[in-house]
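Understanding the architecture of this molecule
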Amino acid sequence: MGNDMKVNINSLVNEIHKNNVKSGWWHLNDGNGTNINLVEVIHNPQSILHERLATALIAEKLCLTHSEVSEGMEGHRKNLMDDKLPHRTMLEVELADAVIRIFDLCGALDLDLEGAIYEKLEFNKVREDHKIENRLKDGGKKY
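Residues numbered from 1 in each chain as written. Predicted model: local features only at pLDDT ≥ 70, side-chain atom pairs only at ≥ 80, totals over all residues. Heavy atoms only, no water.

Let's talk about the packing of helix 1 (residues 9-22) against helix 5 (residues 113-126)
Basically, it comes down to this: Inter-axis angles, ranging from 0 to 180 degrees, are taken between N-to-C directions of lines fitted to C-alpha atoms, where helices are fitted over the stretch in contact. Numbering of helices and strands starts at the N terminus; helices are DSSP runs of H or I of at least 4 residues and strands are runs of E of at least 2. Contacts are assigned to residue pairs with any non-hydrogen atoms lying within 4.5 Å of each other. The classification used treats Ala, Val, Leu, Ile, Met, Phe, Trp, Tyr, Cys and Pro as nonpolar, Asp, Glu, Lys and Arg as charged, and all other residues, Gly among them, as polar.
Between helix 1 and helix 5, the least distance of the axes is 7 Å, while the angle of their chain directions is 145 degrees. Here Ile9, Asn10 and Val13 of helix 1 come into contact with helix 5, specifically with Leu113, Glu114, Ile117 and Tyr118. When the residues that make up the contact of helix 1 with helix 5 are grouped by side-chain class, the tally is five nonpolar, one polar and one charged.

As for the confidence of the model for the chain
Short version of the rule: Known as pLDDT, the predictor's confidence for each residue is given on a scale from 0 to 100.
Per-residue confidence for the chain averages 92 on the pLDDT scale, and 96% of its residues sit at or above 70. By mean pLDDT, helix 6 (residues 132-135) is the weakest element of the chain at 80, and helix 4 (residues 90-109) is the strongest at 98.

With respect to the packing of aromatic side chains
Which entries qualify depends on this criterion: Note on aromatic contacts: the rings of Phe and Tyr and the six-membered ring of Trp form a pair at centre separations within 6.5 Å, being stacked when their planes are under 30 degrees apart, edge-to-face when over 60 apart, and tilted otherwise. Think of it as a cone above the ring: NZ of Lys or CZ of Arg counts as a charge over the ring if it is within 6 Å of the ring centre and within 35 degrees of the ring normal.
Enumeration over the complete set of coordinates arrives at zero aromatic pairs. If you follow Lys61 out to its NZ or CZ, it ends over the ring of Trp26, 4.3 Å from the centre.

Considering unusual backbone geometry
To keep things clear, this is the line we draw: Working definition: with a 1.4 Å probe on protein chains only, accessible area under 20% of the residue-type maximum means buried, over 50% means exposed, and in between means partly exposed.
The phi angle at Asn79 is positive, at roughly 55 degrees, despite the residue not being glycine. Its place among the elements puts Asn79 in the loop between helix 3 (48-77) and helix 4. The backbone phi angle of Asp110 is positive, close to 55 degrees, even though this residue is not glycine. Inspection of the secondary structure assignment puts Asp110 in the loop between helix 4 and helix 5. The class of Asp110 is exposed, set by a relative accessible area of 61%.

Looking at the layout of surface pockets
Where we set the bar: A cavity here means a set of points on a 1 Å grid, drawn over the protein atoms and nothing else, where a 1.4 Å probe fits but cannot get out; a pocket is an open set with protein on both sides within 12 Å along at least five of seven lines, and a residue lines either one if it has an atom within 4 Å of a point. Grid points are joined across faces, edges and corners, and a volume is the space filled by probe spheres set on the points.
Counted as a void, the largest pocket has a volume near 180 Å³. Lining the largest pocket are Asn20, Trp25, Lys61, Leu64, Glu68, Asp97, Ile100, Arg101 and Asp104. Secondary-structure elements contributing two or more residues to the lining of the largest pocket are helix 3 and helix 4. Among the elements that make up the lining of the largest pocket, the one with the highest residue count is helix 4 (four residues).

Set out below in structure tokens:
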């Protein structure tokens, strides 16, 4: 993909994450009036409990991404339209949800998703196991 074709992925990552922070997805109220910033806990854990919480938060976000993909698979399997955006297939909407969750997590972790995607695309162009002749071999990547 040439530079003129690049999409500014990191801008969208930042916008999605900012919106999710604003919507409260990265805050936890302890019930005593203390609002805990979960992004801060991930980046600057103050105790072993915070370190464990940070690990669990990242795992939770990854599992939620997986659940969106699974919902998309079910929608595709059953040939369903989405219930919230009925003009779109459930597959399309659930994949969008998965991307939104991935972008949000990348924003929280300050990951350069855009750079990683473009580097990975270039790397995949020269991978031996991505060449058609190697994929077709016995034991090759069929899918």
